[in-house]
Amino acid sequence: MGETKLPVGRILTGDCVDMLRTLPDASVDLVFADPPYNLQLGGELYRPNNTRVAGVDDDWDRFVGFEAYDAFTRDWLAECQRVLKDTGTLWVIGSYHNIFRVGATLQDLGYWILNDVVWRKANPMPNFRGKRFTNAHETMIWAARSENARKYTFNYDAMKALNDDQQMRSDWFLPICSGSERLKDDNGDKAHPTQKPESLLARVLLASTRPDDVVLDPFFGTGTTGAVAKRLGRRWIGVEREAKYIEVAKRRIAETEAAEDPLALALANKRDQPRVPFGRLIEEGLIRPGEVLFDARRRWTAKVRADGHLISAEHRGSIHSVGAAVQGAPACNGWTFWHAERKGMPVPIDAFRSQIRLGMGEKVGA
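Since the structure is predicted, the reported quantities are computational estimates derived from the model, not experimental observations.

Draft legend 1. Looking closely at the sheet that holds strand β7 (residues 214-217). The strand order across the open sheet formed by eight strands is β1-β8-β7-β2-β3-β5-β4-β6, and the pairing between neighbours is mixed. Unpaired on one side and paired on the other, β1 (10-13) and β6 (171-174) mark the two borders of the sheet. Strand after strand, the sheet turns through a mean of 20 degrees between neighbouring axes, direction not considered. For β7 and strand β8 (residues 235-240), the ladder comprises four bridges, and the chain directions are parallel. Along β8, the bridge assignment pairs L216 with I237. Helix α3 (residues 99-108) rests against β3 (84-94), β4 (112-121) and β5 (137-144) of the sheet, and its axis sits at about 160 degrees to β3.

Set out below in structure tokens:
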């Protein structure tokens with residue numbers, strides 16, 4: 001059974017584990033799982049104004065006990081591990097009720113945890129009883145299928161660009177699903193008690209998939225994963241057993257517009273760009289032999305040699321080694337550290353490298 005027969009763009013109806021067993025080995029690029037939290041809530045909860053809080057009391061969240069929940073968790077995680085490609089990863093989200101049990105099972109099965117990411121809710125529901133801290137976050141675990149999976153997808157540069165050119169941290173401050181995004185049933189009630197915001201799924205997919213990748217959601221619910229995947233040019237497969245959620249998901253995804261411009265879906269990834277040695281800048285005449293380079297604050301300088309090495313007062317070597325040496329640092333990215341002066345303005349030498357990569361004819365600052 002090849003990938004061409006994958007049920008992409010479909011919601012598989014039935015038990016999660018049974019449906020996962022119908023999928024071929026190593027066939028999906030990403031799994032996003034929002035499994036039952038096993039809340040096991042007793043009694044009802046009311047706000048100070050005496051209105052009832054709509055908690056999670058559905059049958060799909062009920063288990064006989066921890067042993068039954070752990071067995072269920074092991075079964076679906078094992079199937080997800082089987083269907084993941086070697087380059088694929090899994091995200092699973094949960095609360096304090098279940099995420100630690102899920103994490104232990106992940107490690108028991110041989111998954112390799114890459115990060116735990118805290119979704120810090122901008123607008124969490126308050127703790128009405130005043131007996132605990134307000135639950136203002138949920139935890140996501142991001143894991144490779146094994147310790148030896150070295151070539152998993154991580155779009156580091158895209159995440160950095162999304163975060164105003166700063167490294168993306170593992171705490172994400174995003175609002176919960178509310179307002180017009182919160183889907184309602186015919187009675188005006190929440191269509192699903194734990195609907196996740198599209199902003200959360202968008203960040204997950206942008207971080208760990210590429211356009212046209214296959215994203216599997218074994219607990220599809222109202223189709224947030226499918227809608228976001230369609231919008232971002234990814235293919236999706238959903239698994240869901242509740243008919244009422246499936247109908248909502250189908251309508252939602254049908255109304256979602258797919259991105260059609262391939263350029264709009266392209267991801268920033270410097271590692272995929274062609275290598276350009278510093279000496280190429282000298283050969284192209286973008287940097288001159290004998291020219292003096294300096295850091296952004298003009299604390300250190302170094303002169304360019306014709307062979308591509310730099311010479312400072314006490315050091316000589318590559319743009320990286322000299323940059324590190326003058327700072328007394330263990331390492332340095334010389335491309336962003338060193339600058340050249342053009343028309344009275346400092347220009348990072350990385351701008352000249354980008355010019356070569358783009359095949360531009362005119363020189364920066366000429």
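The discussion continues.
Draft legend 2. Representation of the pairing of strand β14 (residues 345-348). Sheet topology places strand β13 (residues 339-342) next to β14; four bridges connect them, and they run antiparallel. The residue of β14 that forms the bridge with R342 is M345. Here β13 hands over to β14 after two residues, with K343 in that stretch at a positive phi of 55 degrees.

Draft legend 3. Expanded view of the packing of aromatic side chains. Enumeration according to the criterion identifies eleven aromatic pairs in this entry. The interplanar angle of 50 degrees and the centroid separation of 5.4 Å between the aromatic rings of W142 and F154 together place this pair among those described as tilted. A residue pair is termed long-range when its members are at least 10 positions apart, and W142 in strand β5 and F154 in the loop between β5 and α4 (156-162) qualify at twelve residues. Judged by its relative accessible area of 4%, W142 is buried. Residue F154 is classed as partly exposed on the basis of its relative accessible area, which comes to 34%. Where W300 meets F337, the ring centres are 6.2 Å apart and the plane angle is 35 degrees; that geometry is what we call tilted. Remark: F337 occurs in helix α11 (residues 334-337) and W300 occurs in the loop between β9 (292-294) and β10 (301-304); sequence separation between them is 37 residues. A residue is classified by how much of its surface remains accessible, and F337, at 11% relative accessible area, is buried. Every member of this aromatic cluster is reached through a ring pair, and the members are W91, W142, Y152, F154, Y156 and W172. R101 extends its terminal NZ or CZ atom over the ring of F66, reaching a point 4.2 Å from the ring centre. Taking the ring centre of W335 as reference, the NZ or CZ of R353 above it sits at 4.2 Å.

Draft legend 4. Geometry of the pattern of salt bridges. For the structure shown, the criterion picks out 22 salt bridges. With a shortest N-O distance of 3.8 Å, R21 and D18 are connected by a salt bridge. A relative accessible area of 40% means that D18 is categorised as partly exposed. Notably, a salt bridge pairs D171 with R169, separated by 2.9 Å at the nearest N-O pair. Since its relative accessible area comes to 30%, D171 is described here as partly exposed. In this structure R169 comes out as exposed when scored by relative accessible area, which is 58%. Beyond isolated ion pairs, a larger network of salt bridges with shared partners links D18, R21, D25, E79 and R82.

Draft legend 5. Up close: unusual backbone geometry. The backbone of R298 shows a phi angle near 60 degrees, a positive value even though the residue is not glycine. Structurally, R298 is set in the loop between β9 and β10. Looking at R298, the relative accessible area reads 45%, which means it is partly exposed. One non-glycine residue, K343, lies in the positive phi region at around 55 degrees. As for its position among the elements, K343 is in the loop between β13 and β14. On the accessibility criterion, K343 (70% relative accessible area) is exposed.

Each value, and the rule that gives it
- Residues numbered from 1 in each chain as written.
- Predicted model: local features only at pLDDT ≥ 70, side-chain atom pairs only at ≥ 80, totals over all residues.
- Heavy atoms only, no water.
- Pairing = 2+ DSSP bridges.
- Helix = DSSP H or I, 4+ residues; strand = E, 2+ residues; numbered from the N terminus.
- Axes fitted to C-alpha atoms, helices over the stretch in contact; angles between N-to-C directions.
- Contact = heavy atoms within 4.5 Å.
- Phe/Tyr/Trp six-rings, centres within 6.5 Å; stacked < 30°, edge-to-face > 60°.
- Buried < 20%, exposed > 50% of the residue type's maximum accessible area, 1.4 Å probe, protein only.
- Lys NZ or Arg CZ within 6 Å of the ring centre and 35° of its normal.
- Salt bridge = Lys/Arg side-chain N within 4 Å of Asp/Glu carboxyl O.

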